[in-house]
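Residue-level listing of the chains:
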Amino acid sequence: MVKQEQIEEWKSQYHDIYMIGSDPHYGYVRFPDKKAMKMAYSSLKQDSGALVNSILANCWLGGDEAVKTDPFFKVVSEQILDVVSLEDAEVTPIDSTKSKVTILEFSAVLRIPDRALILEAERKNPSNKPFVSSEYILDKIWVEGDEIMKERPLLFFSLLATIDQLSAVKKEKVKKL
């Protein structure tokens, strides 16, 4: 049984803590840091079970170890996928070159990435490692904002996911003429 004091300590250290499991067996995980998230997404190439195992191995804080066993795998798998889901960002255009991105109560001003920057980021990531291109782009387009967005993993990965929105043009189906 994990005490409330321990949970508060984890919250102050990691910010985003989640209780997973099913009555009466519960465990606690943190939102993955950059290293754990990259490992988890790399393992996703195998299957979603590998992602779940990676998160459990790298983000487990404590609780009933039974949560990590086979009888709980289906329920915990769904919960872990909820844990790694990102926050929605509100994107507000400032002008044709910049947008304000707000996630929770934090915001940043980002330049709109152009094709040359996107291609440069892809060239710098020839092995196509998860998040490397997006991190490179974010570093180049950051104008100003709450620095915590680059430090706190939940905000950081939500911000990376938003980069595609900044330069996206509505895609339409190809029409055969």
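As shown above, the structure is provided for reference.
A brief report on the enclosed structure follows. (Residues numbered from 1 in each chain as written. Predicted model: local features only at pLDDT ≥ 70, side-chain atom pairs only at ≥ 80, totals over all residues. Heavy atoms only, no water.)

Comments concerning the sheet that holds strand 2 (residues 25–30)
Then, number 1: Spatially, 1-2-3 is the arrangement adopted by the 3 strands of the open sheet, whose pairing is antiparallel. Of all strands in the sheet, those with a lone pairing partner are strand 1 (17–22) and strand 3 (60–63), marking the two edges. Put simply, the sheet's adjacent strands are angled 25° from each other on average, direction ignored.
Then, number 2: When strand 2 meets strand 3, the two strands line up antiparallel, connected through 3 bridges. Its bridge partner lying in strand 3, Y28 is registered against G62. (Pairing = 2+ DSSP bridges. Helix = DSSP H or I, 4+ residues; strand = E, 2+ residues; numbered from the N terminus. Axes fitted to C-alpha atoms, helices over the stretch in contact; angles between N-to-C directions.)

Structural notes on the pairing of strand 1
Then, number 1: With 6 bridges joining them, strand 1 and strand 2 adopt antiparallel strand pairing. Its bridge partner lying in strand 2, I20 is registered against G27.

As for the packing of aromatic side chains
Then, number 1: In this structure the tally under the stated criterion is 4 aromatic pairs.
Then, number 2: Judged by centre distance (5.3 Å) and plane angle (75°), the rings of Y41 and F131 are edge-to-face. One end of the pair, Y41, is in helix 2 (residues 34–43); the other, F131, is in the loop between helix 5 (115–123) and helix 6 (132–141), and 90 residues separate them in sequence.
Then, number 3: Residue classification places Y41 among the partly exposed positions, given a relative accessible area of 30%.
Then, number 4: On the basis of an interplanar angle of 80° and a centroid distance of 5.2 Å, the ring pair of F156 and F157 is categorised as edge-to-face. Assigned by exposure class, F156 and F157 land together as buried.
Then, number 5: Grouped by ring-pair contacts, the aromatic residues Y41, F131, F156 and F157 constitute a single cluster.
Then, number 6: We note K34 situated over the ring of F156; from NZ or CZ to the ring centre the distance is 4.0 Å.
Then, number 7: Its guanidinium or amino end placed over the ring of W142, K150 lies 4.3 Å from that ring's centre, counting from NZ or CZ. (Phe/Tyr/Trp six-rings, centres within 6.5 Å; stacked < 30°, edge-to-face > 60°. Buried < 20%, exposed > 50% of the residue type's maximum accessible area, 1.4 Å probe, protein only. Lys NZ or Arg CZ within 6 Å of the ring centre and 35° of its normal.)

Things to note about the pattern of salt bridges
Then, number 1: Here the structure, examined in full by the defined rule, presents 7 salt bridges.
Then, number 2: Taking the shortest distance from any N to any O, the salt bridge between D33 and R30 comes out at 3.7 Å. (Salt bridge = Lys/Arg side-chain N within 4 Å of Asp/Glu carboxyl O.)

Observations concerning the sheet that holds strand 6 (residues 106–111)
Then, number 1: Strands sit in the order 4-5-6-7 across an open sheet of 4 strands; the sheet is antiparallel. Lying at the two open borders of the sheet, with one neighbouring strand each, are strand 4 (90–93) and strand 7 (142–145). The sheet shows a mean angle of 25° between the axes of neighbouring strands, direction not considered.
Then, number 2: The pairing of strand 6 with strand 7 spans 3 bridges and is classified as antiparallel. Paired with L110 across the bridge in strand 7 is W142.

Details of the pairing of strand 6
Side chains on a regular strand alternate between the two faces of the sheet.
Then, number 1: The sheet contact formed by strand 5 (residues 98–103) and strand 6 spans 6 bridges and is antiparallel. Directly across from K100, in strand 6, lies its bridge partner V109.
Then, number 2: What sits between the antiparallel neighbours strand 5 and strand 6 is a turn of 2 residues, in which L104 has the positive phi angle 55°.

Details of the nonpolar core
Then, number 1: Core analysis: the largest hydrophobic core is formed by 40 residues, its most contacted members being I20, V29, L56, I80, L110, L138 and L159.
Then, number 2: Listing elements by their share of this core, those giving two or more residues are helix 2, helix 3 (48–59), helix 4 (73–83), strand 5, strand 6, helix 5, helix 6 and helix 8 (153–167).
Then, number 3: With 8 residues, helix 8 is the single largest residue contributor to this core.
Then, number 4: Among residues more than four places away in sequence, those in contact with L110 are T97, K98, S99, V101, L138, I141, W142, V143, L159 and L166.
Then, number 5: Formed by 6 residues, the second largest nonpolar core is a distinct cluster that contains I7, I17, Y28 and L61. (Core = buried A, V, L, I, M, F, W, Y, C linked by side-chain atoms within 4.5 Å. Contact = heavy atoms within 4.5 Å.)

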